[in-house]
Amino acid sequence: RKPVTLPRLRDMHRAGEKITMLTCYDSTFARVLDQAGVDCLLVGDSLGMVLQGESSTVPVMLEQMAYHTRCVARGNRTAWLISDLPFGSYQESPEQALRSATALMQAGAQMVKLEGGGWTIATVRCLSERGIPVCAHLGLTPQSVHALGGWRIQGRDERAAATLREHALALADAGAAMLVLELVPSAVAAAITRELSIPVVGIGAGPDCSGQVLVLHDMLGLTPAQPPRFVRDFTQGSSGIEDAVSRYVDAVRTVSFPDPALHCY
Ligand code: KIV
Ligand code: NA
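Conventions and cut-offs
Residues numbered from 1 in each chain as written. Chains lettered and ligands numbered in written order. Predicted model: local features only at pLDDT ≥ 70, side-chain atom pairs only at ≥ 80, totals over all residues. UniProt positions renumbered as here; feature names shortened; annotations may be inferred. Helix = DSSP H or I, 4+ residues; strand = E, 2+ residues; numbered from the N terminus. Contact = placed C-beta atoms within 7 Å. Buried ≥ 20, exposed ≤ 12 C-beta atoms within 10 Å, placed from the backbone. Pairing = 2+ DSSP bridges. Right-handed = clockwise from strand over helix to strand, strands pointing away. Axes fitted to C-alpha atoms, helices over the stretch in contact; angles between N-to-C directions. Parallel < 35°, antiparallel > 145°, perpendicular 65-115°, else oblique. Left-handed = near helix turned anticlockwise from the far one by under 90°. Nonpolar A, V, L, I, M, F, W, Y, C, P; charged D, E, K, R; others polar. Near = placed C-beta within 6 Å.

- Per an unreviewed UniProt entry, the protein carries the name 3-methyl-2-oxobutanoate hydroxymethyltransferase and comes from Ramlibacter tataouinensis.
- Quoted verbatim from the Function (unreviewed entry) heading of the UniProt record, the comment on the protein is "Catalyzes the reversible reaction in which hydroxymethyl group from 5,10-methylenetetrahydrofolate is transferred onto alpha-ketoisovalerate to form ketopantoate."

Structure below.
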């Protein structure tokens, strides 16, 4: 296939063609996911948990994100490559974010992702004006897990949902080219997706987002503890890893994942 581009992802959002995204941390999986037709690879700071064995994403360092981004970039050919700005690498100022984003872009990222609303608007504007595509991340933002009091659903009451919507609109207005919504009620995510002209990729955010993302190790059934409700193990009934990834791509495209009765809020 031809390389996935930002205009292509925007067209998919507009046309209601579902976007597929998985996290990816190394070159072998980058090749496998790319060949299975996954649209976007996310070098997520979830690598702190699934690769490093930490209990949150907070300890992850920028140099580690750059290292894994470089690994993924070498194995990838056509997928859109997004890399997470880790905790502490962008909170200080737009200038700090610009320096950190530069490191990830030079490691091979095509877009950087950062968490939070409101205070991130100046940073999103600064990066996007300087030619760095930005993906915003709202809802459950794992880098703030200690402030949020755990991994819990966000935007549940009317006021919280209104704030989520305001932040999403303001971030898109500031130049964000994509939005990840994590752990929010399906109805809230659906309304935000309808209102935005940029793709909204959900995780635990219902079937009506422009696309879906899962942590690779979760969808391969490798998570030791009871995985969150929004996860499906795609190795069940599959003939191997490539087949499991293909089943995920197919399930997202045909909107058979996520299932409102099983994986949503
Ligand atoms: O780090 C990560 O894996 C993520 C996704 C869950 C969206 O940010
Ligand atoms: Na992340």
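Next comes the rest of the account.
1. Re the UniProt feature "binding site: Mg(2+)" (unreviewed entry) in the protein
Stage number 1. Here, the residues flagged by UniProt with the feature "binding site: Mg(2+)" (unreviewed entry) are D45, D84 and E115. Look at the named residues: they lie 71 residues apart in sequence, but the longest C-alpha span between them is just 11.1 Å, so in the fold they bunch up.
Stage number 2. Position of D84 relative to the elements: it lies in strand β3 (residues 80-84).
Stage number 3. With residues up to four places along the chain from it excluded, the contact list for D84 reads V43, G44, D45, M65 and K113.
Stage number 4. Along the polypeptide, E115 turns up in strand β4 (residues 111-115).
Stage number 5. The residues touching E115, leaving out its near neighbours within four places in the chain, are H137, T141, Q143 and S144.

2. Concerning the pairing of strand β6 (residues 178-182)
Stage number 1. Counting buried positions along β6 gives five out of five residues, so the element sits mostly inside the fold.
Stage number 2. On β6, burial covers both faces: M178, V180 and E182 on one face and L179 and L181 on the other are all buried.
Stage number 3. In terms of strand pairing, strand β5 (residues 134-139) meets β6 through five bridges, oriented parallel. Note on β6: the bridge partner recorded for L138 is L181.
Stage number 4. Taken together, the four bridges between β6 and strand β7 (residues 200-203) define a ladder with parallel strand orientation. Looking across to β7, one finds that L181 is bridged to G202.
Stage number 5. Crossover handedness for the path β6 to helix α9 (residues 186-195) to β7: right-handed.

3. Considerations on unusual backbone geometry
Stage number 1. The peptide bond linking F257 to P258 adopts the cis configuration, its omega dihedral lying at 0°.
Stage number 2. Phi angles above zero are rare outside glycine, and L183 is one such case at about 50°.
Stage number 3. Among the structural elements, L183 can be located in the loop between β6 and α9.
Stage number 4. Although it is not a glycine, V255 sits at a positive phi angle of roughly 55°.
Stage number 5. Residue placement: V255 occurs in the segment after α11 (241-253).

4. Notes on the packing of helix α8 (residues 158-173) against α9
Stage number 1. The contact between α8 and α9 brings their axes to 10 Å, and the two run at 25°. With respect to their mutual orientation, α8 and α9 come out roughly parallel. Once α8 is placed against α9, the crossing between them reads as right-handed. In this structure, α8 uses A161, L164, R165, A168 and L169 to contact α9, whose residues at the interface are V188, A191, I192 and E195.
Stage number 2. Residues of the contact of α8 with α9, tallied by class, amount to seven nonpolar, no polar and two charged.

5. Let's talk about the site of ligand 1
Stage number 1. The environment of ligand 1 is formed by T23, L42, G44, D45, S46, D84, V180, E182, I203, V213 and V215.
Stage number 2. When the residues that make up the shell around ligand 1 are grouped by side-chain class, the tally is five nonpolar, three polar and three charged.

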